[in-house]
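Read off the chains here:
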Amino acid sequence: MDVIRRSQGTMYPRSLIVETPTGAHVAFDSARIHQDLTSLTNDPTVVHRVESLIVAQLAGFDVVATETIEATITATLEQLGYTQMARQYQR
């Protein structure tokens, strides 16, 4: 399962469900993205900018696969010009 789109009228990432590779469903935790980004850079401005864009992109879903979150993080880093950070994240 990749994603299930949420209706355009509701955009609350706190109700987002993540489907793990094993098929389990867990509540979305944006702190995990924050931790991952913080491990890539010590610049809080970069972390906040990237994190905000990622969460905004994911807010449109009800259920999203772990792989989709990872791909969104990588693509967002690359689109913002943080290619080295994207490569480090993929490891």
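Note that this is a predicted model, so its numbers are computed, not measured.

J.: What should I look at first to understand the packing of helix 2 (residues 44–58) against helix 3 (residues 66–79) in this one?
T.: Working note: a packed helix pair is described by the angle between its axes plus the distance between those axes. In contact at an axis separation of 10 Å, helix 2 and helix 3 are set at 135 degrees when each is read in the N-to-C sense. Here helix 3 runs oblique to helix 2, going by the angle between their axes. Here the hand of the crossing between helix 2 and helix 3 comes out right-handed. Across the interface between the two elements, Val-50, Leu-53, Ile-54, Gln-57 and Leu-58 from helix 2 touch Ile-69, Thr-72, Ile-73, Thr-76 and Leu-77 from helix 3. Broken down by class, the residue content of the contact of helix 2 with helix 3 amounts to seven nonpolar, three polar and no charged.

J.: Looking at this structure, how should I read the confidence of the model for the chain?
T.: In regions of low pLDDT, the predicted coordinates are not meant to be interpreted in detail. With 85% of its residues at a pLDDT of 70 or more, the chain has an overall mean of 86. Within the chain, the element-level pLDDT minimum falls on strand 1 (residues 3–5), averaging 47, and the maximum on helix 3, averaging 96.

J.: Even after reading the chapter, I still don't get the packing of helix 3 against helix 4 (residues 83–90), so can you show me in this structure?
T.: Following both chains from N to C, one finds helix 3 and helix 4 inclined at 160 degrees, their axes separated by 7 Å at the closest point. Taken as axis vectors, helix 3 and helix 4 run roughly antiparallel relative to one another. Considering only the axes of helix 3 and helix 4, their crossing is left-handed. Counted together, Glu-70, Ile-73, Thr-74, Leu-77 and Glu-78 of helix 3 and Thr-83, Met-85, Ala-86, Tyr-89 and Gln-90 of helix 4 form the full contact between these two elements. For the contact of helix 3 with helix 4, the per-class residue count stands at five nonpolar, three polar and two charged.

Analysis parameters
- Residues numbered from 1 in each chain as written.
- Predicted model: local features only at pLDDT ≥ 70, side-chain atom pairs only at ≥ 80, totals over all residues.
- Heavy atoms only, no water.
- Axes fitted to C-alpha atoms, helices over the stretch in contact; angles between N-to-C directions.
- Helix = DSSP H or I, 4+ residues; strand = E, 2+ residues; numbered from the N terminus.
- Parallel < 35°, antiparallel > 145°, perpendicular 65-115°, else oblique.
- Left-handed = near helix turned anticlockwise from the far one by under 90°.
- Contact = heavy atoms within 4.5 Å.
- Nonpolar A, V, L, I, M, F, W, Y, C, P; charged D, E, K, R; others polar.
- pLDDT = per-residue confidence, 0-100.

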